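# Descriptive structure summary
Residues per chain, in single letters:
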Amino acid sequence: LRRRVVRGWARGVTRILRLRVERSGPPPSAPFLLVSNHLSYLDIIVLASEVDAVFVAKREVRAWPLFGLGARAIGCVFVDRDSRGDAVRAGALMRRRYAGGEGVVLFAEGTSSIGATVLPLRSALLEWAASEGLAVHTATLSYHTTPGDPPASEALCWWGEMTFLPHLAGVTRLNPSTVRLAFGDRAVSASDRKQLARALHAALLADFRPSGTP
């Protein structure tokens, strides 16, 4: 029931915001660990509309208007990415969710970007996956606005010192936009977390398409 509610909520939000999701490749079946590039708070909505999973998000998201409530409702694992100790705690929660048969989505870049490339991945939250030899799946996201609207790097990607509510208000004023979501065709594994991070980064770059206009 929770999975159906979350999927319906996410698809409803994408319709309200007039985000058309173009998916390529099949999503993984639970249990799984999926690593995606990170461009915006919208990423969680887009991925939740296509996969049944819990998400790892920075702790600040918990307090955001509207989206914070949604993030708590769908069972996000919140983490202080600047704290090594909290990464250990969050990793244990991720392991527990995976062992319980759930999918887990991690934005391993650690921050969002303008959508020009994939940033190097942080490896701390991949420790448990490497130690257990998990095959980790990948997904890449890119956003594309309609000609005449501001570029996706400003209007849909959310990065730097952008503030949440003004950005969201801008999203609601856009013409219909496109989100391209590509699931990788093979999973990646490595016994060392840093090697795993590098292998995942290479896999993401291979499928990545910059954000922009169609």
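My aim in this report is to walk through the structure given alongside it, one point at a time. (Residues numbered from 1 in each chain as written. Predicted model: local features only at pLDDT ≥ 70, side-chain atom pairs only at ≥ 80, totals over all residues. Heavy atoms only, no water.)

Right, let's talk about the overall build of the protein for a bit. Within the protein, the regular secondary structure consists of eight helices and seven strands. For a compact globule of 214 residues, the expected C-alpha radius of gyration is about 17 Å, and the protein comes in at 16 Å, within 12% of that figure. The principal-axis extent of the C-alpha atoms belonging to the protein is close to 50 × 35 × 30 Å. Expressed as a percentage of its 214 residues, the buried residues of the protein come to 51%. Long-range pairs, those at least 24 residues apart, make up 76% of the contacts in the protein with a sequence separation of at least 6. Counting only carbon and sulfur atoms, one obtains 54% of the accessible surface of the protein, whose full area is about 10,000 Å². The distance from the centre of the 27 positive side-chain charges to the centre of the 18 negative ones in the protein is 5 Å. (Helix = DSSP H or I, 4+ residues; strand = E, 2+ residues; numbered from the N terminus. Rg over C-alpha atoms; globule rule 2.2 N^0.38 Å. Buried < 20%, exposed > 50% of the residue type's maximum accessible area, 1.4 Å probe, protein only. Contact = heavy atoms within 4.5 Å. Areas by Shrake-Rupley, 256 points an atom, 1.4 Å probe, with all protein chains shown as cover. Lys, Arg positive; Asp, Glu negative; His and termini not counted. Charge placed at Lys NZ, Arg CZ, Asp CG, Glu CD.)

Along the polypeptide, Thr14 turns up in helix H1 (residues 2-16). As a C-alpha pair, Thr14 and Val179 span 165 residues in sequence and 9.8 Å in three-dimensional space. Not counting residues within four places of it along the chain, the set of residues in contact with Thr14 comprises Leu19 and Ile45.

With that out of the way, let us pick up the nonpolar core. A general feature of soluble globular proteins is that nonpolar side chains tend to end up buried together. Residues Tyr41, Leu47, Phe55, Val105, Tyr143 and Leu156 are the most contacted members of the largest nonpolar core, which totals 41 residues. Mapped onto this core, the elements with two or more residues apiece are H1, strand E2 (32-36), helix H2 (42-48), strand E3 (54-58), strand E6 (137-144), helix H6 (152-155), helix H7 (164-172) and strand E7 (177-183). Ranked by residue count, the leading element in this core is H2, at six residues. If you look at the next biggest cluster of nonpolar residues, it comprises 29 residues, including Ala87, Trp128, Ala197 and Phe208. (Core = buried A, V, L, I, M, F, W, Y, C linked by side-chain atoms within 4.5 Å.)

An ideal rise of 1.5 Å per residue puts 21 Å on 15 residues; H1 measures up with 21 Å between its terminal C-alpha atoms. Those residues of H1 that fall on the buried side of the exposure criterion are Val6, Ala10, Gly12, Val13 and Thr14. Where the residues of H1 are buried, they touch strand E1 (19-24) and H2. (Expected span 1.5 Å × (residues − 1).)

Keep in mind that these numbers describe shape and distance, not what the molecule does.
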